[in-house]
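In case you want the letters, here they are:
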Amino acid sequence: MEEEEFNNLKSQAYILADNIISPLGFSSSENFEQLKKMQTGVKRIIDPNLSVEPLFAGIVDTLKLDIEFQKLNTQNEFTRLEKMVILSVTDCLNQNQHIDIQSPKTLIILSTTKGNIDLLESDDSSKFDKKRVYLWETANVIGRYFNNPNQPIVISNACISGVLAIVLGKRLLEENQYDTIIVSGADVLSHFVVSGFQSFKAISSEIAKPYDTKRDGISLGEGCGTIVLSNSIQKVINKQEQLIVKGGASSNDANHISGPSRTGEGMILAINKTLTESNMLPTEVDYISGHGTATLYNDDMESLAISDSKLDKVPMNSLKSYFGHTLGAAGLIESIIGLHSMRENTLIGTYNYSELGVTMPINIIKKTQPAKVNNFLKTAAGFGGCNAAVFFQKVQNN
Amino acid sequence: MEQKNHINTFCLVKNGSISIDGTISYENRSLPAADFIKSAYKHFQINYPKFYKMDQLSRLAFLASELMLKNNPIAHNNAAGDIAIIIANSASSLETDEEHQRTISDKNNNVASPAVFVYTLPNILIGEIAIRNSIKGENTFFIFDKFDADFMSGYINSLLNSNKIKCCIAGWVDFYDKNYDAFLYTVEKDKGKLGIEHNSEQLKNIYNN
Amino acid sequence: MDALIDQLKGEIIEQLNLEDLKKEDIDADATLFGEGLGLDSIDALELIVLLEKNHGIKVANPADGKKIFQSIRTMAEFIQANKK
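Participant: In this structure, what is going on with the interface of chain A and chain C? I would like to understand it.
Facilitator: Accessible area lost during the coming together of the parts is what is often quoted as the interface size. Facing 6 residues of chain A, the contacting portion of chain C comprises 7 residues. When the area that chain A buries against chain C is broken down by residue, the three leading residues are A:F200, A:K201 and A:H256, summing to 74%. Across the contact surface, chain A and chain C share 0 salt bridges. Counting across the chain A and chain C interface gives 1 residue pair in polar contact (both at pLDDT 80 or more). Residue composition of the side of chain A that touches chain C, grouped by class: 2 nonpolar, 3 polar and 1 charged.

Participant: For this particular structure, what's the right way to read the sheet that holds strand β2 (residues 42–45) of chain A?
Facilitator: Pairing in this open sheet of 3 strands is mixed, and the strands run β2-β3-β7 (chain A) from one edge to the other. What marks the edges here is a single partner per strand, and that holds for β2 and β7 (220–221) of chain A.

Participant: Got a minute to help me understand the domain arrangement of chain A in this structure?
Facilitator: Residues and elements named next belong to chain A. Segmentation of chain A into domains returns domain 1 (3–235) and domain 2 (241–396). Using only C-alpha atoms to locate each centre, domain 1 and domain 2 end up separated by 19 Å. Between domain 1 and domain 2, the residue contacts involve 71 residues of the former and 75 residues of the latter. Both sides together, the interface formed by domain 1 and domain 2 hides about 5600 Å², and carbon and sulfur atoms give 68% of it. Looking only at domain 1, the three residues that lose the most surface to domain 2 are M38, Y211 and R215, adding up to 17% of its buried area. The interface formed by domain 1 and domain 2 holds 4 salt bridges in total. For the salt bridge of D300 with R215, the shortest nitrogen-to-oxygen distance reads 3.3 Å. Only α1 (2–10), β1 (13–21), α2 (28–36), α6 (161–174), β6 (180–187), α7 (191–199), β7 and β8 (223–230) provide two or more residues apiece to the side of domain 1 that touches domain 2. When residues of the side of domain 1 that touches domain 2 are assigned to their parent elements, the largest contribution, 8 residues, is made by α6. Taken together, the residues of the side of domain 1 that touches domain 2 break down into 33 nonpolar, 26 polar and 12 charged.

Participant: Explain the pairing of strand β9 (residues 241–252) of chain A to me, please; I cannot follow it from the model alone.
Facilitator: Regular strands have side chains that alternate between both faces of the sheet. All names here are of chain A. The buried count for β9 comes to 12 of 12 residues, which makes it a mostly enclosed element. In this sheet, β9 lies alongside β1 in antiparallel orientation, the contact comprising 2 bridges. The residue of β9 that forms the bridge with Y14 is I244.

Participant: Looking at this structure, how should I read empty space enclosed by the protein?
Facilitator: The method is simple in principle: a probe with the dimensions of a water molecule rolls over the atoms, and the space it marks as empty is what remains. Tallying each qualifying case throughout the model produces 3 cavities of 30 Å³ or more. The space that makes up the largest cavity amounts to roughly 110 Å³. Surrounding the largest cavity, A:T113, A:K114, A:A158, A:C159, A:V193, A:F197, A:L327, A:F383, B:F117, B:T120 and B:L121 form its lining. Residues that form the lining of the largest cavity fall into these classes: 8 nonpolar, 2 polar and 1 charged. In this structure, the second largest cavity spans a volume of roughly 70 Å³. In terms of lining, the second largest cavity is formed by A:T113, A:K114, A:N116, A:I117, A:V133, A:Y134, A:L135, B:A91, B:S92, B:S93, B:L94 and B:D97. Grouping the constituent residues of the lining of the second largest cavity by class yields 6 nonpolar, 4 polar and 2 charged.

Participant: Help me understand the environment of B:E99 in this model?
Facilitator: Along the chain, the position of B:E99 falls in helix α3 (residues 94–105). Note: C-alpha distance between B:E99 and B:I46 (53 residues apart in sequence) is 26 Å.

Participant: Looking at this structure, I do not really get the pairing of strand β14 (residues 375–382) of chain A. What am I missing?
Facilitator: All names here are of chain A. Taking burial as the measure, the 8 residues of β14 include 8 buried ones, the bulk of the element. Pairing analysis gives 3 bridges linking strand β10 (residues 287–289) to β14, with the strands arranged parallel. Residue pairing across strands places Y287 opposite F376, the latter belonging to β14. In this structure, β14 lies alongside strand β15 (residues 386–396), joined through 8 bridges in antiparallel fashion. Bridge pairing links K378 to V390 in β15. Hairpin connection from β14 to β15: 3 residues lie between these consecutive antiparallel strands, with G384 at a positive phi of about 90°.

Participant: Help me out: how do you make sense of the packing of aromatic side chains in this one?
Facilitator: We describe a pair of aromatic rings using the distance from one ring centre to the other and the angle between the two ring planes. Tallied over the entire structure, the rule returns 32 aromatic pairs over all chains. Between A:Y145 and A:F146 the ring centres are 4.8 Å apart and the planes differ by 85°, which places this aromatic pair in the edge-to-face class. A relative accessible area of 25% means that A:Y145 is categorised as partly exposed. With 5.5 Å between their ring centres and 75° between their planes, B:Y41 and B:Y52 make a pair best called edge-to-face. Taken together, the positions of B:Y41 in helix α1 (residues 33–43) and B:Y52 in the loop between α1 and α2 (56–71) put the pair 11 residues apart, joining distant regions of the chain. Each member of the aromatic cluster is reached from another via a ring pair, and the members are B:F10, B:F147, B:W172, B:F183, B:Y185 and B:Y207. Above the ring of B:Y207, the side-chain terminus of B:K14 is found at 4.4 Å from the ring centroid. B:R59 extends its terminal NZ or CZ atom over the ring of B:F51, reaching a point 5.0 Å from the ring centre.

Cut-offs applied
Residues numbered from 1 in each chain as written. Chains lettered and ligands numbered in written order. Predicted model: local features only at pLDDT ≥ 70, side-chain atom pairs only at ≥ 80, totals over all residues. Heavy atoms only, no water. Contact = heavy atoms within 4.5 Å. Buried area = accessible area lost by both parts, 1.4 Å probe. Salt bridge = Lys/Arg side-chain N within 4 Å of Asp/Glu carboxyl O. Polar contact = N/O pair within 3.5 Å; in protein donor to acceptor, adjacent residues only side chain to side chain. Nonpolar A, V, L, I, M, F, W, Y, C, P; charged D, E, K, R; others polar. Pairing = 2+ DSSP bridges. Helix = DSSP H or I, 4+ residues; strand = E, 2+ residues; numbered from the N terminus. Domains from an automatic or database assignment. Buried < 20%, exposed > 50% of the residue type's maximum accessible area, 1.4 Å probe, protein only. 1 Å grid on protein atoms, 1.4 Å probe; cavity = no way out; pocket = protein on both sides within 12 Å on 5 of 7 lines; lining within 4 Å. Points joined across faces, edges and corners; volume = space filled by probe spheres on them. Phe/Tyr/Trp six-rings, centres within 6.5 Å; stacked < 30°, edge-to-face > 60°. Lys NZ or Arg CZ within 6 Å of the ring centre and 35° of its normal.

Next comes the structure, spelled out in structure tokens:
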């Protein structure tokens with residue numbers, strides 16, 4: 001056990017800074033303040049460029065995005081997605097002066113499902129080289145903006161991309177090639193994505209109602225979330241209390257490319273591996289941030305997995321009714337809200353949830369409430385039958 | 001401390017040619033990309049009706065994985081949850097992205113097809129391989145401008161050496177605008193029939209041959 | 001009705017990429033999902049697209065699909081009943 005603790009100590013992944021860009025604000029704390037008050041960023045949108053029918057979605061205000069971006073005083077043209085990522089990372093750098101993004105020991109990981117896919121249809125496309133729709137090029141553009149010397153790593157693994165990217169960041173820190181990893185996840189709302197989910201008859205007629213009896217589908221969203229990880233405790237600003245990534249894992253249902261598993265077996269595997277790696281018992285988990293897309297089958301599947309993992313008493317929420325499903329950004333944004341729940345010992349109520357409507361009884365948080373949050377589990381699932389989980393812990397120094 | 005892992009089988013599909021473990025097993029240099037993949041599927045008499053429902057990228061990945069694992073299956077003592085699938089490419093799912101975009105931009109008939117849309121994610125091909133072979137472990141799809149042997153070998157070795165996985169189906173599967181390129185291989189701790197040491201140099205040697 | 005059934009068989013083979021099948025392989029009364037043709041949830045959504053694209057009929061509630069898509073014959077009956 002002592003040796004184990006020693007090993008854990010030498011390879012910790014400390015959180016140095018974080019940012020969320022969403023309809024609710026351009027910093028993590030702005031977003032968290034809105035969530036504490038249970039204010040949602042999902043609105044009824046009438047925009048023929050996105051959808052023939054009105055749509056409930058979380059959209060980042062373009063004017064605000066452009067105003068904020070102009071403050072950076074850069075000459076080059078950037079896409080909507082790149083602007084969000086650049087603003088998000090910049091905010092992180094401003095939070096913590098120890099982050100040296102130009103160092104060869106700093107790596108950028110980008111999590112995105114569709115990147116600049118809006119260029120396929122936008123009038124803006126003429127401004128950009130066709131190469132810009134390649135996800136690696138999008139990442140390179142961001143890396144070059146910050147003068148980061150390393151080739152960024154891109155993960156595009158459906159809706160678990162963000163959680164996978166955080167887990168990858170922790171694992172790469174353990175290899176000691178890098179001392180700082182900037183994990184950013186982003187996706188933008190487009191006609192491309194909206195029409196696809198509409199063809200799946202998966203979009204809710206109102207704001208999504210995760211885990212509720214009346215849930216009828218997802219709300220889509222867009223945004224960006226960034227977490228900066230480091231293996232150096234010296235770089236953490238708050239010396240009394242550190243947040244760390246303790247473990248994580250992914251799995252595949254091996255069942256169907258779009259439908260969630262009917263048994264939750266894949267999700268159970270990802271959760272169990274994550275808890276084992278984190279040396280955690282189910283009873284020690286203080287809070288779960290679920291995937292909670294509010295489709296009939298996803299939420300049922302999750303209830304089975306949570307219950308089977310003996311986590312059914314643990315307070316759990318879904319943030320999809322605040323941000324919409326932000327795809328490649330979701331794992332980051334939702335993890336960051338969880339990190340703030342740990343810092344402020346406040347659990348966020350699930351917006352639009354009133355009555356439990358899933359197969360197995362689970363403990364969905366209705367109203368925002370104070371609670372001790374030292375151990376936090378984030379889960380995600382996605383098309384392709386993939387599941388992932390990541391575990392965060394608060395470490396206090398006496 | 002550094003332990004050695006092994007490439008126990010590999011399959012290359014490019015330029016109208018398929019080779020398994022370094023031996024050419026099928027050639028047809030005259031066919032365009034999609035036809036070539038279909039002709040190989042028929043040539044090897046693979047019977048998996050779902051193949052026809054896949055997009056070109058998934059078909060290519062499925063074909064390569066099928067041919068590779070037919071002769072050199074993953075050791076039975078590996079639990080389904082201990083086998084990982086980690087694959088990368090350059091164009092993501094752009095081939096199918098453009099098809100979906102064409103459909104929804106068609107002014108006269110813009111009904112999106114769910115069967116097309118589902119393939120606008122590159123990791124669906126991981127799902128297809130997982131379903132076919134009942135593989136339930138780690139999965140990650142990376143995007144690089146070209147096959148990054150250093151990153152792939154480093155990351156997969158670290159997963160094996162830290163016992164997070166026991167075995168990995170890995171590689172590169174790219175299909176876009178008439179160009180296709182697949183290089184799949186398995187990595188295990190135990191030395192199999194082929195037993196090439198799994199490192200960046202060997203991967204580059206095999207891939208560039 | 002027989003002409004419509006025959007036409008539907010062709011449309012389904014094309015829309016669902018059932019390349020291994022010919023029209024005569026499909027029984028108009030066989031179940032489309034599960035045992036029968038072994039179709040899945042994406043196929044069900046594709047059949048909704050087929051009705052809209054080829055026959056101008058919108059299925060508002062995907063849950064209705066269960067009844068409509070029992071067999072090729074039930075599909076044909078639905079199309080006839082809803083043709084404008």
